[in-house]
Amino acid sequence: MNQRRNFLKTSALLTGGALINPYSFAGAYASGTDTIKIALIGCGGRGTGAVFQAFETGYNIKLVAMADAFRDRLDQSFKPILDKYGKDKVDVPEDRKFVGFDAYKHAIKEADVVILAAPPGFRPDHFEEAVKQDKQIFMEKPVAIDAVGIRKVLKAAEEAKSKKLNVVVGLQRRYQDNYIQTINRIHDGSIGEIVSGQVYWNDGGVWVKPREEGQTEMEYQMRNWYYFNWLCGDHIVEQHVHNLDVVNWVKRGYPVKAEGTGGRMIRTGKDHGEIFDHHSVTYTYEDGSVILGECRHFPGAHNRVDESFQGTKGRAYLSAGNKGLLWDASGNQIYEHNGRGNKNPYQKEHDELFEAIVNGDFKFSDAENAAKSTMTAIMGRYATYSGKTVSWEDAINSELDLMPEKLAWDADPKILPNPDGFYPFALPGKTKVI
């Protein structure tokens, strides 16, 4: 996948009554050298991979700080990065390896560019802090897990734009050639106005981290973060956001309401927390068009991850496997994307981010679109959990805050197991989400 572009750290200084950007020219960084210092916040597999992709851009980049809630995760990330790139590019001594809930604040201070890859529940606070400290940013999707977090991200996104801080979000289809070329043709009217669509993330599911002896409830849930909404948002948010972002991109807007169904059929164990294993949501857009979004985690069942759309003059098909197809109303193929030589979109994100930074350009403000696409997924979860029709206005103004009152190893999250070790989960028709 394609590399993410270079960045230029930008901050505004008040000089002679005018705001100027002291880093508005190529090659000038916070360190006063041509080396771009990066920090990794969240040292799991995706964060480690993002560091690799930053280095593979070919620019003069140095990893100078790392932060994670768990020291063992930090160590597991540090070793392969050091082994691959060596001490010339990896300069993270012990005093710049930060561990704990507030570790991110210290690591951000050390860098020009930050990679935000902790579990999604922490993203709003991490993004807000990075913007406050005037950093260029790559952050993974989704960008929040509830409407409270979305509003925080939207506010910080406006501040990032006012400061001309580049922000790239890991919704990599936005950087993938087959999506770009095919959707450009849709926007040019090749298949008319989009009236319906179907998007899917159906697969067998992900890892599980069983409870270990001696863990506090906070540590267990953070280790097994995918199965708790305050950390993950449910898989409709953590994974299906990719497909829903494509819908919003194609429609050049966001849904006005959602209704759907979901539940737990296969994944019902103690280590499966509170999330559903399937969601099916109908989204209605302002023009009356209707899009079906479906995601499920059923091992052994048919897998499908793609997007289809029907227009007044034809139809379209897209997939992460470089597919991009258009047909007219008579079924004649009018476009097929040529995927030969296309760049890896994960790598392209970094290539383009760091290119912009090195050139002193402000080109990327992905946070707003990412927040609204994440909100689309959260809105779908609100619909499947409640069994009600949920409007965009009610969803984005929800005051339901899933984050714990206190972040500490001896503090309790808001959701706790019953005496038998099982967690409560949503019951459509009874659960309130707004």
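About the cut-offs
Residues numbered from 1 in each chain as written. Predicted model: local features only at pLDDT ≥ 70, side-chain atom pairs only at ≥ 80, totals over all residues. Heavy atoms only, no water. Pairing = 2+ DSSP bridges. Helix = DSSP H or I, 4+ residues; strand = E, 2+ residues; numbered from the N terminus. Contact = heavy atoms within 4.5 Å. Axes fitted to C-alpha atoms, helices over the stretch in contact; angles between N-to-C directions. 1 Å grid on protein atoms, 1.4 Å probe; cavity = no way out; pocket = protein on both sides within 12 Å on 5 of 7 lines; lining within 4 Å. Points joined across faces, edges and corners; volume = space filled by probe spheres on them. Nonpolar A, V, L, I, M, F, W, Y, C, P; charged D, E, K, R; others polar. pLDDT = per-residue confidence, 0-100. Parallel < 35°, antiparallel > 145°, perpendicular 65-115°, else oblique. Left-handed = near helix turned anticlockwise from the far one by under 90°. Buried < 20%, exposed > 50% of the residue type's maximum accessible area, 1.4 Å probe, protein only.

Undergrad: I keep staring at the sheet that holds strand S16 (residues 323-328) and nothing clicks. Help me out?
TA: Sheet strands pair via backbone hydrogen bonds, and the direction of the pair is either parallel or antiparallel. Taken in spatial order, the 9 strands make up an open sheet running S17-S16-S15-S14-S10-S13-S12-S11-S18, and their pairing is mixed. In this open sheet, the two strands that pair with only one neighbour each are strand S17 (333-336) and strand S18 (390-391). Relative to strand S13 (residues 290-297), strand S12 (residues 278-284) is paired through 7 bridges, and the arrangement is antiparallel. The residue bridging Tyr 283 from the neighbouring strand is Ile 291, located in S13. Contacting strand S10 (194-203), S12, S13, strand S14 (304-311) and strand S15 (314-319), helix H9 (residues 241-251) runs over the sheet at an angle of about 165° to S10.

Undergrad: Please clarify how empty space enclosed by the protein should be interpreted in this entry.
TA: Picture a little ball the size of a water molecule; that probe, rolled over the atoms, points out where space is still empty. Overall, the coordinates contain 1 cavity of 30 Å³ or more when judged by the stated rule. Lining the largest cavity are Ala 157, Lys 161, Val 167, Ser 365, Asp 366, Ala 367 and Glu 368. When contributions to the lining of the largest cavity are tallied by element, the ones reaching two or more residues are helix H5 (147-162) and helix H11 (367-386). The residue makeup of the lining of the largest cavity, split by class, is 3 nonpolar, 1 polar and 3 charged.

Undergrad: Would you mind showing me how to read the confidence of the model for the protein here?
TA: Detailed conclusions should not be drawn from predicted coordinates in areas where pLDDT is low. In the predicted model, the protein carries a mean pLDDT of 93, and the fraction of residues at 70 or more is 92%. Counting interchain partners and residues more than four positions distant, the pLDDT-below-50 stretch residues 1-28 has 126 contacts.

Undergrad: Teacher, can you tell me more about the packing of helix H1 (residues 45-55) against helix H10 (residues 345-358) here?
TA: A packed helix pair is summarised by two numbers, namely the angle formed by the two axes and the spacing between the axes. Where H1 contacts H10, the axes come no closer than 9 Å and their chain directions differ by 55°. Here H1 is positioned oblique relative to H10, judged by the angle of their axes. The crossing of H1 and H10 is right-handed. Contact residues: H1 offers Arg 46, Ala 50, Gln 53 and Ala 54, while H10 offers Tyr 346, Gln 347, His 350 and Phe 354. Of the residues in the contact of H1 with H10, the class split is 4 nonpolar, 3 polar and 1 charged.

Undergrad: What is the right way to read the environment of Leu 325 from this model?
TA: Among the secondary structure elements, Leu 325 is positioned in strand S16. Judged by relative accessible area, Leu 325 falls into the buried class, the value being 11%. Each C-alpha atom, one on Leu 325 and one on Asn 338, is 9.9 Å from the other, the two residues being 13 residues apart in sequence. Residues in contact with Leu 325, not counting those within four places in the same chain, are Thr 182, Arg 315, Ala 316, Tyr 317, Gln 333, Tyr 335 and Glu 336.

Undergrad: How should the packing of helix H4 (residues 123-132) against H5 be read in this particular structure?
TA: One can describe the packing of H4 onto H5 by two numbers: an axis separation of 9 Å at closest approach and a directional angle of 15°. On the basis of their axis angle, the class for H4 and H5 is roughly parallel. Of the two elements, H4 crosses H5, and the hand of that crossing is left-handed. Contacts between H4 and H5 involve Pro 124, Asp 125, Phe 127, Glu 128, Val 131 and Lys 132 from the first element and Gly 149, Lys 152, Val 153, Ala 156, Ala 157, Glu 159 and Ala 160 from the second. In terms of residue class, the contact of H4 with H5 is made up of 7 nonpolar, 1 polar and 5 charged.

Undergrad: What is the right way to look at the sheet that holds strand S6 (residues 97-99) in this model?
TA: Within the open sheet, the 6 strands sit side by side as S6-S5-S4-S7-S8-S9. Their pairing is parallel. Whereas interior strands pair on both sides, the edge strands pair on one side only; in this sheet they are S6 and strand S9 (167-169). Taking the axes of each pair of neighbouring strands and ignoring which way they run, one obtains an average angle of 15° across the sheet. Where strand S4 (residues 36-41) and strand S7 (residues 113-116) come together, 4 bridges link them in parallel fashion. Looking across to S7, one finds that Ile 38 is bridged to Val 113. Those strands touched by helix H2 (residues 71-85) are S4, strand S5 (61-68) and S6, and its axis lies near 160° from that of S5.

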